[in-house]
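Analysis of the macromolecular model
Each chain, written out:
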Amino acid sequence: MQSTNPATERPVREYESHSDGDIDEALERATTAFEDWRARPIEERQTKLGDVATVLRENAEEYARLITTEMGKPIAEARSEVEKCAWVCEYYAEHAAAHLSDERLATIPEADTKVVYEPLGAVLAVMPWNYPFWQVFRFAAPTLTAGNVGLLKHASNVPGCALAIEEIFAEAGYPEGVFTTLLVGSSDVERVLADDRVKAATLTGSEYAGRKVAETAGYHLKKTVLELGGSGPFLVLDDADLDTAVETAVTARYMNTGQSCIAAKRFIVVDDAYDEFVDRFTAAVAELTVGDPAAEETDIGPLAKGKFVDELHEQVEGSIEAGASLELGGERLDRTGHYYAPTVLADVPRSAPAACEETFGPVAAVFGVDDEREAVDLANDSRFGLGASVWTEDRDRGEQVGRQLETGSVFVNELVKSDPRVPFGGIKASGYGRELSKQGIREFVNRKTLWVQ
Ligand code: NDP
């Protein structure tokens, strides 16, 4: 397995993949570790998670540089990612026990009935490269604290991050086998997931990979949580505060060089505000600094893999052919590294690739609509249903519009974000299940009914 720096296109390091024997040993260790780990008081597991936050903070700069080197994230954003991982650990270090406390069912007077939450065992996490630390900690913090053990199959382009995360848990004093990184390719996932010692799986990534994992898990009757792509609508209504909407729109689309499932991808703007929005948004995007992700001032780095540049450019060209107007960018940058120019497409038709497909890079599609009703209709005209953002000065109106949107979350006058305190996940082709908050920690547990007569 080899990591390559997407900014320089040079190899960083080679890693030996795990053999069949290594995988077997890891599964055995995880099974043994589970028996001890689940029996410990949850307070002890919470304390350990607090220690993970400390390790993350102590070595934040080292981890941030590793993230930037392996997948090209601008360094300032990489630091924020590590900080956010510490936050999710602290969140569950404080709230896990409350989220998993027994729930007495008062509706049954003739018996003592309750729901108790018990861990399942080894949970396989198939994770992507775009937030190589955050995606893993978002899974691991609640799942391990609930008493499960974790097996990480990380994306093949971030093996250094995968091993660093395993090391973080070891440094925080987790017993061997509670968190294990498997350096394996995607073709090994089916076999690992089919193994009786693995009880459930979570995947964040493409729709294709999600279907594959769900297919195997379905056959073996194992629980899954899937967090797949998104083509998030960002609705700007006629009474929106355009200053804040434009500023937030730029962050919502171009953060992480546009490689985020929850990024706003379709900007749906009501007629009265359309021209001004397009002008101001395009001008603000033109100000973004593209460059070396290791430099402090960089806003936009390279895409994580060379093939992503080709795929994105095809979507842009296809959208222009379908009738979209190119306001900015629309080309690969002529320099070493997988760079694509920050791009704005306006007047995008509903049939264009930028409307129907997920664009995973610095490309925004702006659509004009006559009114609120058309905005909602267009927002829902998508295979995806992850997150949506609505902009209006009238908070009640925002809530009413939000209730009509077919997505796992709606944020009014805020960008879509994954925050440890609120549930996160999608519907439709964006997947199912929830991560984070109380709902997230209750995914990989047996919600056992206990009836005592
Ligand atoms: P993938 O879905 O291929 O990769 C995500 C993870 O799934 C990786 O660990 C990968 O392993 C694994 N994987 C891939 N194929 C299979 C399979 N058949 N069975 C089991 N596991 C598999 O994403 P890409 O990196 O190729 O990105 C492609 C597109 O996916 C993006 O353009 C974007 O649309 C979407 N995506 C969405 C993300 C999100 O946050 N929801 C994150 C990343 C991508 P390996 O690396 O070894 O192939």
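Worth saying up front: this structure is predicted, and the values here are computed from it rather than measured.

1. Re the overall build of the protein chain
A tally of helices and strands in the protein chain yields 15 helices and 20 strands. A compact globule built from 453 residues would reach a C-alpha radius of gyration of about 22 Å, and the protein chain, at 22 Å, matches this within 12%. Among the 453 residues that make up the protein chain, the fraction classed as buried is 57%. Contacts in the protein chain between residues at least 24 apart in sequence constitute 72% of all its contacts with a sequence separation of at least 6. Working note: accessible area of the protein chain is about 18,400 Å², and carbon and sulfur atoms make up 47% of it.

2. What about the sheet that holds strand β8 (residues 198-204)?
Here we have 6 strands laid out as an open sheet, ordered β7-β6-β5-β8-β9-β19, and mixed in their pairing. Two strands in the sheet have a free side with no partner beyond their single neighbour: β7 (179-181) and β19 (431-432). Docked against the sheet, helix α6 (residues 159-171) engages β6 (149-153) and β7, running at close to 160 degrees with respect to β7.

3. What to know about the domain arrangement of the protein chain
Segmenting the protein chain into domains produces domain 1 (2-228 + 430-452) and domain 2 (232-419). For domain 1 and domain 2, the distance between their C-alpha centroids amounts to 30 Å. On the domain 2 side, the residues contacting the 28 residues of domain 1 number 31 residues. Taken together, the two surfaces of domain 1 and domain 2 that pack against each other cover about 2,400 Å², and 50% of this comes from carbon and sulfur. The closest approach of N and O atoms between Arg79 and Glu296, which form a salt bridge, is 2.9 Å. At the junction of domain 1 and domain 2, the tally comes to 13 residue pairs in polar contact (both at pLDDT 80 or more). Elements with a minimum of two residues in the side of domain 1 that touches domain 2: α3 (60-71), α4 (75-99), α5 (134-145) and α8 (207-219). Sorting elements by how many residues they give to the side of domain 1 that touches domain 2 places α4 first, with 5 residues. The residue makeup of the side of domain 1 that touches domain 2, split by class, is 11 nonpolar, 6 polar and 11 charged.

4. Some thoughts on a negative patch on the surface
Side chains of Asp271, Asp272, Asp275, Asp279, Glu327, Asp347, Asp370 and Asp371 sit close together on the surface and give a patch of like negative charge. Sort the elements by how many residues they give to the negative patch and helix α10 (residues 271-286) lands first, with 4 residues. The topology assignment puts Asp347 in the loop between β13 (343-346) and α12 (353-356). On the basis of relative accessibility, which here comes to 45%, the residue Asp347 falls in the partly exposed class.

5. Thoughts on the sheet that holds strand β4 (residues 112-119)
With antiparallel pairing, 3 strands are arranged side by side in an open sheet as β3-β4-β20. For this open sheet the edge positions go to β3 (103-104) and β20 (445-452), each flanked by a neighbour on one side alone. Pairing of β4 with β20, which is carried by 8 bridges, proceeds in the antiparallel orientation. Bridge pairing links Lys114 to Leu450 in β20.

About the criteria used
Residues numbered from 1 in each chain as written. Predicted model: local features only at pLDDT ≥ 70, side-chain atom pairs only at ≥ 80, totals over all residues. Heavy atoms only, no water. Helix = DSSP H or I, 4+ residues; strand = E, 2+ residues; numbered from the N terminus. Rg over C-alpha atoms; globule rule 2.2 N^0.38 Å. Buried < 20%, exposed > 50% of the residue type's maximum accessible area, 1.4 Å probe, protein only. Contact = heavy atoms within 4.5 Å. Areas by Shrake-Rupley, 256 points an atom, 1.4 Å probe, with all protein chains shown as cover. Pairing = 2+ DSSP bridges. Axes fitted to C-alpha atoms, helices over the stretch in contact; angles between N-to-C directions. Domains from an automatic or database assignment. Buried area = accessible area lost by both parts, 1.4 Å probe. Salt bridge = Lys/Arg side-chain N within 4 Å of Asp/Glu carboxyl O. Polar contact = N/O pair within 3.5 Å; in protein donor to acceptor, adjacent residues only side chain to side chain. Nonpolar A, V, L, I, M, F, W, Y, C, P; charged D, E, K, R; others polar. Patch = residues over 30% accessible without salt bridge, like charges linked within 9 Å, V, L, I, M, F, W, Y side chains within 5 Å. Lys, Arg positive; Asp, Glu negative; His and termini not counted. Charge placed at Lys NZ, Arg CZ, Asp CG, Glu CD.

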